[in-house]
Amino acid sequence: MRAYLLRRALQAVFVLWAAFTATFAILYMLPSNPVAIMLDAGGEGTQVDPEKVAELTARYGFDKPVWEQYLTRLWAAVRGDFGSSIQTGQPVTGSILDALPETLKLASIGLVLAVVIGASLALVATWTQARWLRQALLALPPLGVSVPTFWVGLVLLQVVSFQWALLPAMGNIGWQTLVLPSLTLAIPTSAVIAQVLAKSLSTTWDQPFVETARAKGTPRLHIHLRDVLRNAAIPTLTLVGITVGNLLAGSVVVETVFSRNGIGRLTQQAVTFQDIPVVQGLVVLSAVIFVVVNLVVDLVYPALDPRISQRTRAAV
């Protein structure tokens, strides 16, 4: 187990380094100057003072060779320092930590709703023996996957907020402002979870141990929820780990649609103004969350299937 954890730790370090390096390379290949973009924040194409550009370029180290900028920023990032925002002048780490709680609340609620909706849909669709109901329920996930996130948000805004006036359309104040953004994130994600879990449940129902349980007179619902679900949950658990990263990416769109302040809004502004330090900090944050969540998922696997733990020990 120690060797396994050490190997995963080294993999995590590599993923973080690769994410930082790829972001650095992509941003520095862009032809535009982030300092000039910041000085022309209005986007009117006005003439910028060359001396001011040169001063700020030197302040942020953009006048140094690319390799020196990379090594300097990499060493600072290892120490948790991503510098200051070109746009606001505030420390990047502080800006991210200020925006993170709102996005974590939104993504967490969205993930819980997605799992509940997707799992319930898959369980009912694969348990019912009514053919028409099964087909109707299994037709919903492909529809949910094909619908863009921003379209879901706009429809919810139009119907729930503007026509029915049940919930606020924007803002961060109060739990009511979380309902529509969370649903917007959850609906497409729940459709993917339902597709994968329903397929896995259907396959597991054909396994020999199900026939054995039936022969013993075990009720169908008991088999479905205890034996079949436990064995079918592993592919879905893997998907949930990947989904966390997708929810953070989806928050960029959702927080823009619902005018919420969070990581999504911060990302949108940083990309618009080519704020390199902020973008790098956000990419590394996403990589850290992805690595941690997938490590947790790997550690949960043995609780669902002890054979996985045995195979891990044998491999190590």
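Computed from a prediction, not measured in an experiment: that's the story for all the values here.

**A short note on the packing of helix 5 (residues 92-127) against helix 12 (residues 263-272)**
(1) Moving on: Where helix 5 contacts helix 12, the axes come no closer than 7 Å and their chain directions differ by 135°. Classified by the angle between their axes, helix 5 and helix 12 sit oblique to one another. Taking contact as the criterion, the partners of S95, I96, A99, L100 and T103 in helix 5 are, on helix 12, I263, G264 and L266.
(2) Moving on: Among the residues forming the contact of helix 5 with helix 12, the class breakdown is 5 nonpolar, 3 polar and no charged.

**Observations regarding the UniProt feature "transmembrane region" (unreviewed entry) in the protein**
(1) Moving on: This chain's UniProt record puts "transmembrane region" (unreviewed entry) on residues 12-30, 106-125, 137-166, 178-198, 232-258 and 278-301.
(2) Moving on: In residues 106-125, helix accounts for 100% and strand for 0%; the two terminal C-alpha atoms are 28 Å from one another.
(3) Moving on: Helix makes up 100% of residues 178-198 and strand 0%, whereas the separation of the span's terminal C-alpha atoms amounts to 29 Å.

**A few points about the packing of aromatic side chains**
(1) Moving on: In the structure shown here, the tally under the stated rule is 3 aromatic pairs.
(2) Moving on: Consider the rings of F24 and Y70, whose centres lie 5.3 Å apart with planes at 65°: the pair is edge-to-face. With F24 in helix 1 (residues 2-29) and Y70 in helix 4 (residues 66-78), this pair connects stretches of sequence that are 46 residues apart. The pair formed by F24 and Y70 is uniform in burial state, with each residue classed as buried.

**Side note on the confidence of the model for the protein**
(1) Moving on: Residue-level pLDDT values for the protein average 81, and 88% of them are 70 or greater.
(2) Moving on: Contacts of residues 310-316 to residues separated by more than four positions or lying in other chains number 5 contacts, the stretch itself having pLDDT below 50.

**Focus: helix 5**
(1) Moving on: In a regular helix each residue adds 1.5 Å, so 36 residues correspond to 52 Å; helix 5 covers 50 Å between its end C-alpha atoms and thus fits that length.
(2) Moving on: At L100, helix 5 shows its maximal bend, which comes to roughly 35°, and the proline P101 appears one to four places after that position.

**Regarding a nonpolar patch on the surface**
(1) Moving on: A cluster of nonpolar side chains, contributed by F150, W151, L154, V155 and V253, occupies part of the molecular surface with about 450 Å² of accessible area.
(2) Moving on: Among the elements that line the nonpolar patch, the one with the most residues is helix 8 (residues 149-163), at 4 residues.
(3) Moving on: Here W151 is to be found in helix 8.
(4) Moving on: Using a relative accessible area of 47% as the deciding quantity, one classes W151 as partly exposed.

Conventions we followed
- Residues numbered from 1 in each chain as written.
- Predicted model: local features only at pLDDT ≥ 70, side-chain atom pairs only at ≥ 80, totals over all residues.
- Heavy atoms only, no water.
- Axes fitted to C-alpha atoms, helices over the stretch in contact; angles between N-to-C directions.
- Helix = DSSP H or I, 4+ residues; strand = E, 2+ residues; numbered from the N terminus.
- Parallel < 35°, antiparallel > 145°, perpendicular 65-115°, else oblique.
- Contact = heavy atoms within 4.5 Å.
- Nonpolar A, V, L, I, M, F, W, Y, C, P; charged D, E, K, R; others polar.
- UniProt positions renumbered as here; feature names shortened; annotations may be inferred.
- Phe/Tyr/Trp six-rings, centres within 6.5 Å; stacked < 30°, edge-to-face > 60°.
- Buried < 20%, exposed > 50% of the residue type's maximum accessible area, 1.4 Å probe, protein only.
- pLDDT = per-residue confidence, 0-100.
- Expected span 1.5 Å × (residues − 1).
- Bend = angle between axes of the 7 residues up to and from the residue.
- Patch = residues over 30% accessible without salt bridge, like charges linked within 9 Å, V, L, I, M, F, W, Y side chains within 5 Å.
- Areas by Shrake-Rupley, 256 points an atom, 1.4 Å probe, with all protein chains shown as cover.
- Salt bridge = Lys/Arg side-chain N within 4 Å of Asp/Glu carboxyl O.

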